[in-house]
Amino acid sequence: MKVVDRLLDVDAVASFPEPRWGELGENPRDLSLVTVDLGALVSRSVVWRAAGLLRPETLEELSEAGTVAERIELHVEAQPVQREEGVRIRVRGACRTVIRLACVRCLIEFPLPIAATIDATYAVGVDPALKNKNWRIEEDVEFLPDGVLRLRHLVEEELLLALPMNPVCVSGCAGLCAGCGVDLNRNPCGCRASESSGPFAVLKALQSS
Ligand SMILES: [Zn+2]
Ligand SMILES: [Zn+2]
């Protein structure tokens, strides 16, 4: 861990470098159950960094949204920063995985790579704005009374936000025919052919004439 000589202003912290995806070595660290004691980082004035993998089964909500097909890769850093209101901890990083979702058009499951950047600010203790009405509310800060950051919660939150509302297998997915239910990506639909010769077609022709 790197010792901070001087607490930086929250905006002066250098940007988080683009992670070297896939370069975790032969025995990547399992970060599934890792917690970070933010209070200790503040009192010792150190930057904490880690890179590793999280097991999908430890992220329950994400596993409900779809089948997590790959372990979740995470690169993360937590750094105490000085703010007017006090010392805060800025946590930044990036995570990625592959999740299998059902296409909203054709209903077929497909693998979707998802990635998210992490940039969150925490404080240890109880939010002073809860007790003091005159305290400026720090809207971007999450207060952790026990000062313990659970990595899997942070990662899960970001990945859930990265999920598309309406997942589509390919941008041009033709979907299912509303009439006969055939997968229009694979088979031509028979509805129109029968429409032009069936009884409804005759009726249509009468109506439009
Ligand atoms: Zn589709
Ligand atoms: Zn059809």
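A short tour of the structure in this document, coming up. (Residues numbered from 1 in each chain as written. Chains lettered and ligands numbered in written order. Predicted model: local features only at pLDDT ≥ 70, side-chain atom pairs only at ≥ 80, totals over all residues.)

## Side note on the overall build of the protein
Rules: Numbering of helices and strands runs from the N terminus, with a helix taken as a DSSP run of H or I at least four residues long and a strand as a DSSP run of E at least two residues long. Contact definition: two residues whose C-beta atoms, as placed from backbone geometry, lie within 7 Å.
Looking only at helices and strands, one finds five helices and eleven strands in the protein. Taking contacts inside the protein between residues at least 6 apart in sequence as the whole, the part at least 24 apart equals 61%.

## Some points on the pairing of strand β8 (residues 86-102)
Basically, it comes down to this: Being paired, for any two strands, means DSSP has found at least two bridges between them.
Sheet analysis places strand β6 (residues 67-68) next to β8, joined by two bridges and oriented antiparallel. In the sheet register, Thr-67 faces β8, and the bridge partner there is Arg-100. In the sheet, strand β7 (residues 72-83) pairs with β8 via eleven bridges, with the strands oriented antiparallel. If you follow Arg-83 over to β8, its bridge partner there is Gly-86. As consecutive antiparallel partners, β7 and β8 are separated by two residues.

## Thoughts on helix α3 (residues 151-162)
What counts here: Helix span, expected: 1.5 Å multiplied by one less than the number of residues in the helix. Residues with at least 20 other C-beta atoms within 10 Å of their own are called buried, those with 12 or fewer are called exposed, and the rest are partly exposed. The C-beta atoms themselves are positioned from the backbone.
Its twelve residues give α3 an end-to-end C-alpha distance of 17 Å, which sits within 8% of 16 Å, the value for a rise of 1.5 Å per residue. Those residues of α3 lying buried are Leu-151, Arg-152, Leu-154, Val-155, Glu-156, Glu-158 and Leu-159.

## Remarks on the pairing of strand β9 (residues 109-124)
Note that β8 and β9 share 14 bridges and pair antiparallel. Within β9, the position partnered with Arg-100 by the bridge is Pro-111. The antiparallel pairing of β8 with β9 creates a hairpin that spans six residues between the two strands, and Leu-107 there sits at a positive phi of about 70°. Relative to strand β10 (residues 141-144), β9 runs parallel, the two being bridged by four bridges. Residue pairing across strands places Thr-121 opposite Val-141, the latter belonging to β10.

## A short note on the environment of Glu-57
Considering the arrangement of structural elements, one finds Glu-57 in the loop between β5 (46-54) and α2 (60-65). Residue class for Glu-57 comes out exposed when judged on the 9 C-beta atoms lying within 10 Å of it. Along the chain, Glu-57 and Ser-32 lie 25 residues apart, while their C-alpha atoms are 9.1 Å from each other.

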